[in-house]
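# Geometric and topological summary
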Amino acid sequence: MSNADRHGLIAKAVRDSGGATVQELAELTGASEMTIRRDLDTLAAQGVLERVRGGARTLLLRGEEPPFALRAHEAVDAKRRIAAEVSALVADGESVVLDSGTTCLEVARLLRERPVTVMPLSLQAIHLFGEAPGPATLVVPGGQPRAAEGALTGPLTLASLAALRFDTAVIGCCGLSAADGLTAYDLDDAAVKKAGIASARRVVVASDGGKLGRTAYAYVGPSTVLHTLVTDGTAPAGEVAALESAGTVVRTV
């Protein structure tokens, strides 16, 4: 098991149960207790969990949005497969508005190597494009970054989106269902997603299967505004069928 996979498994176990001991995590991962202690120190430094004597406990309150650092360790392989499929849907020469979130950050890693124009809506993705300039053209929006998350929000972000028209909007989500549509944890984030959708000819949602069938706090729009959903094999079959019946093309990777 790689370090990234082990960290993801530890983060999920602590989040799901509220806490775990070093011994429990060693048995879960097959790693030594010394390795688990180092892992917990690393994850605590990243803000994923809280280190306590003999183990760790979650920092997440019920109903709260999971921290970016925690989400970055979840379903990593699925997010990379989703990102590869999303990138394949984008043709050379397209203009793309790229939403915030961990899955969209994986999309950014691929699009920066393509001859496309991209306006990312998070500081993490902007920095990624700036680290290694390539064939992609970077457009930087205005806005105020949300603490820790790095997602850009506010009137300057909305004005940047309103001033431009894109071929494709790649949107992440906190929840998606045929009944309740696309939802987000935060009202400001929901407003940016709405503006991104309104600015594009085509809307592609990139989401791991764990988000399907869930409803978050802030409403973005009905599922009918989505042209394509790219998800993974963990997506509930009934929800996939309902979205397809409503007109969304679903690609499972």
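A brief structural summary. (Residues numbered from 1 in each chain as written. Predicted model: local features only at pLDDT ≥ 70, side-chain atom pairs only at ≥ 80, totals over all residues. Heavy atoms only, no water.)

This part takes up helix α9 (residues 187-198). For α9, spanning twelve residues, the distance from its first C-alpha to its last is 17 Å, which sits close to the expected 16 Å at 1.5 Å a residue. Residues of α9 that are buried include every one of D189, A190, V192, K193, A195, G196 and I197, and no others. (Helix = DSSP H or I, 4+ residues; strand = E, 2+ residues; numbered from the N terminus. Expected span 1.5 Å × (residues − 1). Buried < 20%, exposed > 50% of the residue type's maximum accessible area, 1.4 Å probe, protein only.)

This part is about the packing of helix α6 (residues 102-111) against helix α7 (residues 123-131). Relative orientation of the contacting elements α6 and α7 amounts to 15 degrees, with a least axis distance of 10 Å. Of the possible angle classes, the one that applies to α6 and α7 is roughly parallel. As for how α6 packs across α7, the hand of that crossing is right-handed. Side by side, α6 and α7 meet where L105, A108, R109 and L111 of the first sit next to Q124, A125, L128 and F129 of the second. Residues of the contact of α6 with α7, tallied by class, amount to six nonpolar, one polar and one charged. (Axes fitted to C-alpha atoms, helices over the stretch in contact; angles between N-to-C directions. Parallel < 35°, antiparallel > 145°, perpendicular 65-115°, else oblique. Left-handed = near helix turned anticlockwise from the far one by under 90°. Contact = heavy atoms within 4.5 Å. Nonpolar A, V, L, I, M, F, W, Y, C, P; charged D, E, K, R; others polar.)

Next up on the list: the nonpolar core. Grouped together as the largest cluster of nonpolar side chains are 29 residues, with contacts concentrated most on L161, I171, L176, L182, V205, L212 and L229. Those elements that place two or more of their residues in this core are β9 (166-171), β11 (181-184), α9, β12 (200-206), β13 (218-221) and α10 (237-245). Among the elements that make up this core, the one with the highest residue count is α9 (four residues). Leave out the neighbours within four places in its chain, and L212 touches L176, S207, L229, T231, A235, P236, E239, V240 and L243. Core analysis: the second largest hydrophobic core is formed by 22 residues, A83, V118, A136 and V204 among them. (Core = buried A, V, L, I, M, F, W, Y, C linked by side-chain atoms within 4.5 Å.)

With antiparallel pairing, three strands are arranged side by side in an open sheet as β10-β11-β13. Two strands lie at the open edges of the sheet, namely β10 (175-177) and β13, each paired on one side alone. Each strand of the sheet is rotated relative to its neighbour by a mean of 25 degrees, with strand direction disregarded. Note: β11 against β13, three bridges, orientation antiparallel. Note that in β13 the partner of A184 across the bridge is A218. (Pairing = 2+ DSSP bridges.)

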